[in-house]
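These are the residues of each chain, in order.
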Amino acid sequence: MKISVIIPALNEARGILPCLHSVKTQQGEFELIVIDGGSLDGTVEVARPHARTIHSEKGRAVQMNSGARHSTGEVLLFLHADSCLPPGAFTLMERVLVDPRIVGGTFRLRFDRQEFLLRAIAFFTRLKFRYFHYGDQGIFVRRSVFHQLNGFAEIPFMEDVDFLRRLHRAGRVTLLKKPVTTSARRFLERGIIRQQLINVILVMFYLMGARPGKLKKWYERSVRRTPKA
């Protein structure tokens, strides 16, 4: 079973190498694709020795769809550039995908820092409630199902929530027991409680029908108002 790891990136030169190394040390057949949305910090130059690099229009959903079009694997794994796979990730994926009823899934989450509040937030990703799972945990899906769903909706925000909602309608979605480790930088820069409240509010308003473009503008304004540490 060939796995295509698709990493959308934008100005991630400082942090992308651990992500790439976490993929390259996996066992099994895979390809590694970085889709760059116009980085100005040398992300492509950093990634090129380790992965196939593709240029794309900016936008996470647009970049991930572009990566999927250029991929050849039977399974697609979408991974954020500041997240790292656990050892044995591909083996776990292959094991659960033996069941034809499983259409895809996510990993649990942990942060690269050990503050109590961050560990508490990560704990909820152990639960199977679908709205506790997002793109930073890694999303994997059978290629055939991805095409059936027409990929990610090319919306400016909440593309992961939208995709996972549709994935659940397509079949069984599994939660793997090992965690992806992701960067806590947004939480530390903006305040852990504040960032989590923003996240919850955004998802709630999206599920209530708010337009992704408006949510993105609100999020960007809230970030600009965040006091610098």
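Here we summarise the structure given alongside this text. (Residues numbered from 1 in each chain as written. Predicted model: local features only at pLDDT ≥ 70, side-chain atom pairs only at ≥ 80, totals over all residues. Heavy atoms only, no water.)

## Regarding a nonpolar patch on the surface
Our working definition: Grouping into patches uses exposed residues only, defined as over 30% relative accessible area, and leaves out salt-bridged ones; the cut-off is 9 Å for like charges and 5 Å for nonpolar side chains (Val, Leu, Ile, Met, Phe, Trp, Tyr). Computed with the Shrake-Rupley method and a 1.4 Å probe, the accessible areas treat only the protein chains shown as cover for residues. We define a salt bridge as a contact between a side-chain nitrogen of Lys or Arg and a carboxyl oxygen of Asp or Glu at a distance within 4 Å. Think of it this way: any DSSP run of H or I at least four residues long counts as a helix, any run of E at least two long counts as a strand, and we number them from the N terminus. Throughout this description, buried means an accessible area under 20% of the type-specific maximum (1.4 Å probe, protein chains only), exposed means over 50%, and partly exposed covers the range between.
Taken together, the side chains of Phe116, Leu117, Ile193, Leu197, Val200, Ile201, Met204, Phe205 and Met208 present a nonpolar region at the surface, about 900 Å² in accessible area. Counting only elements with at least two residues in the nonpolar patch, the list comes to helix 5 (116-123) and helix 9 (192-207). With six residues, the top contributor of residues to the nonpolar patch is helix 9. Within the fold, Met208 resides in the loop between helix 9 and helix 10 (212-224). Here Met208 falls in the exposed class, since its relative accessible area comes to 64%.

## What about the pairing of strand 4 (residues 75-78)?
The line we're drawing: Think of it this way: DSSP has to see at least two bridges between two strands before they count as a pair.
Here strand 4 shows two buried faces, one formed by Val75 and Leu77 and the other by Leu76 and Phe78. As paired strands, strand 4 and strand 7 (residues 139-142) are joined by four bridges and run antiparallel to one another. Its bridge partner lying in strand 7, Val75 is registered against Arg142.

## Remarks on the environment of Gly15
As for its position among the elements, Gly15 is in the loop between strand 1 (3-9) and helix 1 (16-24). Gly15 sits 84 residues away from Asp99 along the chain, and the two C-alpha atoms are 35 Å apart.

## Side note on the packing of helix 7 (residues 159-170) against helix 9
Stated formally: Simply put, an axis is a line fit to the C-alpha atoms, just over the touching stretch for a helix, and the angle between two N-to-C directions goes from 0 to 180 degrees. Oblique is the label for every angle not falling under 35 degrees (roughly parallel), over 145 degrees (roughly antiparallel), or within 65 to 115 degrees (roughly perpendicular). For a crossing to be left-handed, the near helix must be turned anticlockwise from the far one by less than a right angle; the clockwise case is right-handed. Here a residue-residue contact requires only that any non-hydrogen atoms of the pair lie within 4.5 Å. Asp, Glu, Lys and Arg are counted as charged, while Ala, Val, Leu, Ile, Met, Phe, Trp, Tyr, Cys and Pro are counted as nonpolar; the rest, among them Gly, fall into the polar class.
One way to put it is that helix 7 packs onto helix 9 with a least axis distance of 11 Å and a crossing angle of 55°. One element, helix 7, and the other, helix 9, form an angle in the oblique class. Where helix 7 crosses over helix 9, the handedness of that crossing is right-handed. Packed against helix 7, whose contacting residues are Val161, Asp162 and Arg165, the element helix 9 presents Val203, Tyr206 and Leu207 at the interface. Each residue belonging to the contact of helix 7 with helix 9 can be placed in one class, and the counts come to four nonpolar, no polar and two charged.

## Thoughts on the sheet that holds strand 1
Strands in a sheet are paired, the pairing made by backbone hydrogen bonds, and the direction either parallel or antiparallel. If you walk across this open sheet you meet the eight strands as 3-2-1-4-7-6-8-5, and the pairing is mixed. Each edge of the open sheet carries a strand with a single partner, namely strand 3 (52-55) and strand 5 (83-84). Direction of pairing for strand 1 relative to strand 2 (residues 30-36): parallel, over a ladder of seven bridges. Considered in strand 2, the bridge of Ile3 is made with Phe30. On top of the sheet, helix 3 (residues 60-70) reaches strand 1, strand 2, strand 3 and strand 4; it is set at about 150° to strand 1, its chief contact. Along the sheet face, helix 7 touches strand 6 (102-111), strand 7 and strand 8 (172-182) and points at about 40° away from the line of strand 7.

## Concerning the pattern of salt bridges
Two side chains carrying opposite charge are able to pair once their charged atoms lie near each other. For the structure on display, the rule yields seven salt bridges. We note a salt bridge from Arg185 to Asp82, for which the minimum N-O separation is 3.5 Å. Highlighted residues: Arg185 in helix 8 (residues 185-190) and Asp82 in the loop between strand 4 and strand 5, separated in sequence by 103 residues. A relative accessible area of 37% means that Arg185 is categorised as partly exposed. Here the salt bridges do not stand alone but share partners, grouping Glu12, Asp82 and Arg185 into one network.

Nothing here speaks to function; it is geometry throughout.
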